Structure formats: structure tokens, C-alpha cells
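Tertiary structure, described
As a plain string of letters, each chain reads:
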Protein chains: 4
Amino acid sequence: MGIQERKEREKERRRQQIMVAAKRVFSDRGFNKSTMEDIAQEAELSPGTLYLYFKNKEELYASLSLRILQYLLIRVEHVNEEEDSGPEEKLKSLVDAMYDVYEFDPLIIINMFHLQSSETLKNLSPQLMSEIKELSRRSLGSIAQIFKEGVDKGIFVDRHPLALADTFWSLFSGVVLWLTSKKIIDEKKDYLKQTLDVAFEIFTRGLRKT
Amino acid sequence: MGIQERKEREKERRRQQIMVAAKRVFSDRGFNKSTMEDIAQEAELSPGTLYLYFKNKEELYASLSLRILQYLLIRVEHVNEEEDSGPEEKLKSLVDAMYDVYEFDPLIIINMFHLQSSETLKNLSPQLMSEIKELSRRSLGSIAQIFKEGVDKGIFVDRHPLALADTFWSLFSGVVLWLTSKKIIDEKKDYLKQTLDVAFEIFTRGLRKT
Amino acid sequence: MGIQERKEREKERRRQQIMVAAKRVFSDRGFNKSTMEDIAQEAELSPGTLYLYFKNKEELYASLSLRILQYLLIRVEHVNEEEDSGPEEKLKSLVDAMYDVYEFDPLIIINMFHLQSSETLKNLSPQLMSEIKELSRRSLGSIAQIFKEGVDKGIFVDRHPLALADTFWSLFSGVVLWLTSKKIIDEKKDYLKQTLDVAFEIFTRGLRKT
Amino acid sequence: MGIQERKEREKERRRQQIMVAAKRVFSDRGFNKSTMEDIAQEAELSPGTLYLYFKNKEELYASLSLRILQYLLIRVEHVNEEEDSGPEEKLKSLVDAMYDVYEFDPLIIINMFHLQSSETLKNLSPQLMSEIKELSRRSLGSIAQIFKEGVDKGIFVDRHPLALADTFWSLFSGVVLWLTSKKIIDEKKDYLKQTLDVAFEIFTRGLRKT
DNA sequence: AATGAATGAGTATTCATTCAT
DNA sequence: AATGAATGAATACTCATTCAT
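Residues numbered from 1 in each chain as written. Chains lettered and ligands numbered in written order. Predicted model: local features only at pLDDT ≥ 70, side-chain atom pairs only at ≥ 80, totals over all residues. Heavy atoms only, no water.

Considerations on the overall build of chain A
Selection criterion: A run of H or I in DSSP counts as a helix once it spans at least four residues, and a run of E counts as a strand once it spans at least two, with each numbered from the N terminus. Here's how the labels work: a residue is buried when its accessible area is under 20% of the maximum for its type, exposed when over 50%, partly exposed in between, all with a 1.4 Å probe on protein chains only. Should any heavy atoms of two residues lie within 4.5 Å, those residues are considered in contact. Throughout, the Shrake-Rupley method with a 1.4 Å probe supplies accessible areas, and for residues the shown protein chains are the sole cover considered. Charge counting treats Lys and Arg as positive and Asp and Glu as negative, with His and both chain ends excluded. To locate a charge, take NZ of a lysine, CZ of an arginine, CG of an aspartate or CD of a glutamate.
Assigned secondary structure in chain A consists of 10 helices and 0 strands. Secondary structure elements of chain A occur, N-terminal to C-terminal, as α-α-α-α-α-α-α-α-α-α. Expressed as lengths along the three principal axes of its C-alpha atoms, the size of chain A is roughly 60 × 50 × 30 Å. Buried residues in chain A amount to 54% of all 210 residues. A separation threshold of at least 6 residues defines the contact pool for chain A, and within that pool the share at least 24 residues apart is 72%. Total accessible area on chain A stands at roughly 10200 Å², and carbon and sulfur atoms take up 50% of it. Charged side chains of chain A number 32 positive and 34 negative; the gap between the two group centres comes to 3 Å.

As C-alpha cells, this is what we get:
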């Protein structure tokens, strides 16, 4: 391993360290209430150091989103590659994948939502932004592929696969957001898994042709 | 009409004037990018005046949410009161009601989501907060009532009515949020209504017992 | 005096108050070492208030320059309007005017120099910038007019009046800057008036045709 | 050549390398907008290395000034050593020398001016500061010597030679600064040489006794 | 009741300088 | 000697909120 390579690895480790801290702080306080100072403290670094690895606060935040999207894409593509599964089985695997993604980082939904603000996107480097767009597009496309297979085989109702993919994703993110919200308002917990189960069950039933 | 009462009415009118302005500004720029100055200007009032009617920025925002929730509750209760309708018809009316609520104020979803931030809730007066909680609870309860009827009559699958209500609400808010988000990222438009139709159709199909 | 007018006057007074404080602080420490906090303190105001009257630090600084330029232009035009004076007398009056301008605000030279930085001009509002340019142009034009008269009457050497005006201004500003600089390096004082006298005397002699 | 000496020479070469880079960067962006990082990059060194050769940013900047002053002194003393020239010829040579100095480093004027800031001088080592003072004093003294000769021989007007030297230097630096400034404000160019010619011509004429 | 000028705490970002390697 | 990653103090600017009029 050359010096160059070792340095590269060290640098990547630092980036990860910062992202882990940022994730914790952003999760706790949300984007606007989190300060770079907070994140620096959490990472046991100085504020200045953060800027050696991320152009600005927005880009640090977006980098978190990118990481989740990457994980999401990998999982979804993996589902699509299951050779022996039919559409129904793949849909089930997809639901499992979504659980995993959520557990990998519960922030995923809020991240995705945050990216909505056009103001936000102003400070993102074009490169990072196009990466995010691309990943988002590919993930959804991959999900749509599963539905297309079901539709083509006459197993799922004949609707546009992308509309089905949007519905699937909306159902997932809607439940997560809504229950996260309720958790705080009503102080209830752990209702999430059950509701997700009910939601996906009904969705799957509704999807079947007969 | 006594002087007292006339004053009260005048005060309420002012509140409404401010809320209308606030809704426009918040819709445009989102909560964090909107300044009290902006809202005051939109309402053709001075910043100081806003504080005569609302304790702070958070409370002004939450008041908007409250108004939408009130409208939501009225619509949903109205659906429940339809004497001659069966569960399927009521579900259909409910979907129509959701469209109306969304058109009454597209911010509804984002508002609901904003309330999630625990930081936010710190600045809310206990009274306003309990009103919001109560309305939220009653609206959901009223939605659940529709599902309960369907379940009881053996028309809908036998799941907990509140879980069904949560799913219904999640599906609606998820679609709105997700497509709002996509609109900006992918520059597409008007896909919302179609996707909502597909989503609710599948949900309704999935809900039926056979 | 109407309320509107009184308010306008009050506002102008505040602007002046801030400019006086800014002038003191900038004189003391120079542009870069002066903080808005310093100026606010000197003006016995809060930092935020400064921004109610000036868009940013650059614009506050440039406003000082503008004021001096206005004074300069008035003085120089006044010289040009002397009916009974010949070019020599006007040149003498011009020198007196320059003394006055310097005493009105010794910062004038440094201000003019500061405006040189193209970086600086980026933050100026186009309006303020064009005002400064215009005043600068007119002042120099007015000075050139004096020289033109002398040249036309065959009293001054036949050189381009604008070049003579530039030389005159350069001599003045050069002496001020250089001696200001020396004052600090060598801790000498009061040498300025003498040197300016010598400088202008030689310039005037050199200007005469024979 | 001993090892000690070779090291010394190597060290001096590095210093020069840094100063060349610094001159380029400072010329481009001015003192405040230039970062040590910029200079290090231009010199193809790391920021840390700069501090091995210069105590701080101020001292690096002042070292540039010192170098120009050294060049100035050499040129001026050379003029004084012209055996067969009379005061008028020497004055002409002096003007040529000033052109050369300016071309050697156009920053000279701005450098000299920068040293004015008393804040700046706080960070200079006493040694460097006294060197600069000394060089400045000797250069001016050498210029004054030329004027003294002219005054003594009855060729130049009878004024204090040092005052004449200050005037001469002020005229030169004033023209350079003023036209540099105008170049940016009015977008004109190449007017410098002409104006300097006019300025020095008038100065020379004004200096002659009759 | 209404105003709107004033406040001042809060924060992202920069960059000269240091120091472990 | 040279590096360059890390530091953290410094600062322009914003904006929710107050309060004298």
C-alpha cells in the first residue's frame, strides 16, 4: 500500500467520521437547528476541519443523503437480480429491503424531503447534485422494473410501472414520516413496524389482478 | 352586538388577515426562509403588529396548521354523517375530501411534517399544542370510524381501524410530499392527480375483503 | 413640518451619526482592521442597526467617500465660478480648496485609493457606484476647466488640460499619502503643510509659459 | 565553499522563490485578499514552509518592499555617482531610474502605502522595520542630494532639498496610484507613461531658477 | 391598537498559524 | 527541511422579538 493510497484512505476515514457525527446531530435537531459547531463537537474536531472535507453545511447534509441513496440502490438492484423469484416474491423482498434501508438510516425520508427545497440546492456543487438526481432516478427505475415485470406477466394490475413505483415509495415514506411525527406528538413508539406491515399488505393485495 | 363583541370580531378579522398573508409567504419560501418582516409586508402591517396576535413565529405557523386541521375534521365528519352511504361510498367521499383539503391548502402536509420537530414544539403555547393534538386525534379517529364500519360489516379486511386510518393518511401525505419533491428535482408537473388516483385505487382494492 | 418629513430628517441624522463614527474608526484602523462591531460601538448603536442604514460594510465606507467627493466638487466648482479671477488666481484658489477638502476629511485620499480595488466594487450597489464615478469625473473635469482656461489664454504651457488636472490631483494626493506614511514611520508631524506649499509652488512655476 | 555557506545560499534561493510567488499573488489580489495558501501554491510549496522563511504574512509582504527599496537605492545612488552630469542631467537620469523601478515592480507604490498602516507594523520584527526605515531614509537622502547640488549651484530654486525630494517622490507615487485607480474606475489604460512625462516635465520646469 | 426602529444573540465560513510526522 | 492537516479565533450579516411613541 503506497503512501498516496494510505493518505487517501485516511482522508476517507475522516469524511466518514464527520458524516457519522453529522448524522447524529442532524437526526437530533434537524437541519436548521444543527450548527456546524455542534457537528464539529460531536466529531471531536474543530469547525474549520469540517470545511476541509465538505464545501459547506448543505453539501455535508446532501452527502448523507447520497450515502443512503447508494445503499438503497444497491439493495433494490439486488432484489431485481433475484433469478428464481416471481414478481410477488420480489415485491416481498423489496419490502424487506425498505425496512433495511430505514434501519440503516431512519433519516432517509427526511433527507429526501429536505432536498426538495430549491433554496437548498443552490449551494450544492453541480456534481453532487447530479449524482443525487441520478441515484434517485435509478433507484426509482429499479423499483419500477419490479412492477413492470408483474404487470407484463399479468399478475399486477395494468398501471404505469413508474406510477406504481411512486405509489410504493410514497406509501413507505408517508408511513415513516407520519409515524415519526406521531411518535413525538403522541409519545407512542414501535407502532411503525406494524403499520408498515399493514400498509404493505394492503398495497400488495390491491396490486394483484384479481 | 355589544362593543366587546365587535372588538372581538375585529380582532379575529386581523388574525385571519395575518394568517392569509403568512400562508402565502410560508408556501412560497418555507418556514425557515420566511421572515416575519416578509409576512408583515404581505399583510400590509408592521412586524410588531404580528406579535399582538401571535406569540411568535412558531405559533403563527402552527395556527395555520390548526386551521387546516379544522377544515379537515369538518370534511371528514361530514363524510361520516352520510346516512345512506356504505363503507365503499364513504371511502370514495373521503378521497374526495382529501383532494379538497389539499386544494384548500397544499401546505397541509408540510405543516403536519413541520410540527414533527420537537424543537419547534418548545415554543408553542400548551393550549395551542393541545388543540392541535386534539384535532389531529379526532380527525384520525373520524377516518378510522369509516374503516371500522367497513371492517365490522365484513366489507374491508379485518385490520385495526386506526392502523388503516394511519395507512390511508400516510399514503395521501406520502404521495403529495414525494411528488412535490420530484416536481422540483425533475421539473415535472401535474403528475400528482394521476398518481393519487392510482394510489387510492390500489388502496381501495387492497382493502376489499375479496 | 409633517410627520413624514420629520421622520426623513431623523433618518438622515442617524445616517450621519453612523458615518461620523465610521469615519473615526476607519481613520484609526483602516478598512480591513475595522469591524462593524467597532463602528457600532463608536456610534453607540447595535451592529444590526448599521445594516438598517447601509447595505454592507463596503457601502458604508463608500458613502464616506461620496460625501467627501460632494464637498470637493462644490469647492472646485465654486473656484470655477469666480468671475473676476484669471487662471493664476483660480489655481491659487484651487490649492486653497484642496487644503480645505483635506481638512474636512483627511481620509479623502485613502478613500479614493480604496475604491481602486475591483474586489471592493463588487459589493457596491450600482447606484452608489455610478454616483461616485460621476462625482469623480465631474470634479476632475472642473479642475481641468481651470487649466484649459490658462492654456487657452496662453498663460499655461500647452498640455492637455485633463493631463494637467491628473497631475495636479496626483501631486496633491501623493504628498498627502507620502507624508501620512512618513508621519508614522518617522514619527514626524506638521511637515505636510510646508511640503504641500513647496509642491504647489513648483507646480505653478512649471505651469507658466515662460 | 563550506557546507554552512552552501546551506545559506540554498536558503536564500528558497526565500527568493517564495518572494517571487508572493509578488505575483499580492499584485493580483492585493494584501488582504491574498492567502498564504495562494502564495504557497504559486510557489509550489506547502503553507507551513512559508513560515520557515518568513515570520508571518506581514513580514513576507514587507520583505518584498525591502527588495524594491534596495533596488531603488542602488539606482538612485548610481545617478548620484554620475561624475560628468550636472543637476539637470541627473534629474533626467533620476526620472529614468523611477521608470525602471516602477517596471521592476509596479507594486512599489502600493507597498510603500501599505506600510503606512500602524496596525501592520505591529507584526514586523524590529530588525526588518529598521532596515526598511533606513533604506527609505537613505533613498530619499540620495534623491535630496541631487536637488541639493542643483540648489547649491544656483540652478534649482532655493528650497530645502528634502522637501524637494519629498515632492518629487510624491509626484511619482501620486501619479502611479491615481492612474492605477482610474484605470479600474474608468477602464482607461496606457495613459500612465504620458501623464508621468507631463508631470515630470512641469516639475522640472518649475524647479529651474528662471 | 399599531408602529417600525432598534436590538443583539446567533452562525456559517475563512484563513493565518501551528505542529506532529 | 518540508509537509499539510488541523486549528479556532475572528467577523460580517440576519432576523425574531421588543418597546417607546
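Right, picking up where we left off after that structure.
Some thoughts on the relation of the copies chain D and chain C
Our working definition: The least-squares superposition of copies is restricted to C-alpha atoms, and to residues with a pLDDT of at least 70 in both copies.
Overlaying chain D on chain C yields an RMSD of 0.5 Å, the required transformation being a rotation through 177° with an accompanying axial translation of 0.1 Å. Both chain copies can therefore be described as sitting about a two-fold axis.

Side note on the packing of aromatic side chains
One pair of aromatic rings is described through two measures. These are the centre distance and the angle between the planes. Where we set the bar: Any two rings among Phe, Tyr and Trp, with Trp reduced to its six-membered ring, count as a pair given centres within 6.5 Å; such a pair is stacked if its planes are under 30 degrees apart, edge-to-face if over 60, and tilted if neither. Whether a charge sits over a ring comes down to the Lys NZ or Arg CZ being within 6 Å of the ring centre and within 35 degrees of the ring normal.
In the structure shown here, the tally under the stated rule is 52 aromatic pairs over all chains. Ring plane angle 85° and centroid distance 6.5 Å describe the contact between D:Y99 and D:F200, whose orientation is recorded as edge-to-face. Here the residue D:Y99 occupies a position in helix α5 (residues 87-104), and D:F200 occupies one in helix α10 (residues 191-207), the gap between them amounting to 101 residues. A cation over an aromatic ring shows up here: B:K23 above the ring of B:F104, its NZ or CZ 5.3 Å from the ring centre. The residue whose ring lies beneath C:K193 is C:Y99, and the NZ or CZ to ring-centre distance is 3.9 Å.

Here we look at the nonpolar core
Rule in force here: As used in this record, nonpolar core signifies buried Ala, Val, Leu, Ile, Met, Phe, Trp, Tyr and Cys residues forming a set joined through side-chain atoms within 4.5 Å.
Judged by nonpolar contacts, the single largest core of 100 residues is most densely connected at C:F147, C:F168, D:F147 and D:F168. Element by element, the count of residues in this core is highest for helix α9 (residues 161-186) of chain D, at 12 residues. Excluding residues within four positions of it along the chain, D:F147 makes contact with D:L91, D:F156, D:P161, D:L164, D:A165, D:F168, D:F203 and D:L207. In terms of nonpolar packing, the next biggest core, distinct from the first, is built from 98 residues, A:A144, B:V79, B:L128 and B:L164 among them.

So, the protein's contact with DNA strand F
Heads up, the condition is: The nearness test applies per residue and asks whether one of its heavy atoms lies within 4 Å of the molecule or strand. Whenever two N or O atoms come within 3.5 Å, that pair is a polar contact, provided that in protein one can donate a hydrogen and the other can accept it, and provided that, for residues adjacent in sequence, both atoms are side-chain atoms.
Taken together, 29 residues lie around DNA strand F, and A:R14, A:T49, A:Y53, D:R14 and D:Y53 are the ones closest in. Between D:G48 and DNA strand F, the recorded distance is 3.3 Å, taken from a backbone N or O atom to a base nitrogen. One nitrogen or oxygen atom from the side chain of D:T49 is found 2.5 Å from a phosphate oxygen belonging to DNA strand F. Elements that contribute at least two residues to the surface near DNA strand F include exactly α3 (47-53) of chain A, α3 (47-53) of chain B, α3 (47-53) of chain C together with α3 (47-53) of chain D. Counting residues per element, the surface near DNA strand F draws most heavily on α3(D), which supplies 5 residues.

Some remarks on the relation of the copies chain A and chain B
The transformation that overlays chain A on chain B combines an axial shift of 0.1 Å with a rotation of 177°, and the residual RMSD is 0.5 Å. Here 98% of the contact residues of chain A are again contact residues in chain B; the copies associate through an equivalent surface.

Looking at the protein's contact with DNA strand E
Operational definition: Under this grouping Gly is polar, as are all residues other than the nonpolar Ala, Val, Leu, Ile, Met, Phe, Trp, Tyr, Cys and Pro and the charged Asp, Glu, Lys and Arg.
Surrounding DNA strand E, one finds 29 residues, the nearest of these being B:R14, B:T49, B:Y53, C:R14 and C:Y53. Among atoms of DNA strand E positioned within 4 Å of the protein, sugar and phosphate together represent 65%. In the model, a phosphate oxygen of DNA strand E is placed 2.5 Å from a nitrogen or oxygen of the B:T49 side chain. For the surface near DNA strand E, the secondary structure elements donating two or more residues are α3 of chain A, α3 of chain B, α3 of chain C together with α3 of chain D. It is α3(B) that provides the largest number of residues to the surface near DNA strand E, a total of 5 residues. Among the residues making up the surface near DNA strand E, the classes are represented as 11 nonpolar, 14 polar and 4 charged.

Notes on the confidence of the model for chain A
This is how it is decided: One confidence number per residue, pLDDT, is output by the predictor and ranges from 0 to 100.
Averaged over all residues, the pLDDT of chain A is 89; the fraction at 70 or higher stands at 91%. Within chain A, the element-level pLDDT minimum falls on helix α7 (residues 118-121) of chain A, averaging 64, and the maximum on helix α2 (residues 36-42) of chain A, averaging 98.

Looking at the packing of helix α1 (residues 3-33) of chain B against helix α4 (residues 57-80) of chain B
Residue and element names in this part refer to chain B. Cut-off, in case you're wondering: Only C-alpha atoms enter the line fits that serve as axes; for helices the fit covers just the stretch in contact. Angles between N-to-C directions range over 0 to 180 degrees. When describing relative orientation, an angle under 35 degrees is termed roughly parallel and one over 145 degrees roughly antiparallel, while 65 to 115 degrees is termed roughly perpendicular and anything else oblique.
Between α1 and α4, the least distance of the axes is 10 Å, while the angle of their chain directions is 100°. The angle between the axes of α1 and α4 places the two elements in the roughly perpendicular class. Taken together, the residues of α4 that come into contact with α1 (itself represented by R15, Q16, I18, M19, V20, A22, K23, F26, F31 and N32) are K57, E58, L60, Y61, S63, L64 and R67. Classifying every residue of the contact of α1 with α4 gives 9 nonpolar, 3 polar and 5 charged.

Side note on the environment of D:M19
Residues and elements named next belong to chain D. As for its placement among the helices and strands, M19 is situated in helix α1 (residues 3-33). On a C-alpha basis, the gap between M19 and E131 in space is 17 Å, while along the polypeptide they are 112 residues apart. What M19 contacts, discounting residues up to four positions off in sequence, is F54, L60, S63, L64 and R67.

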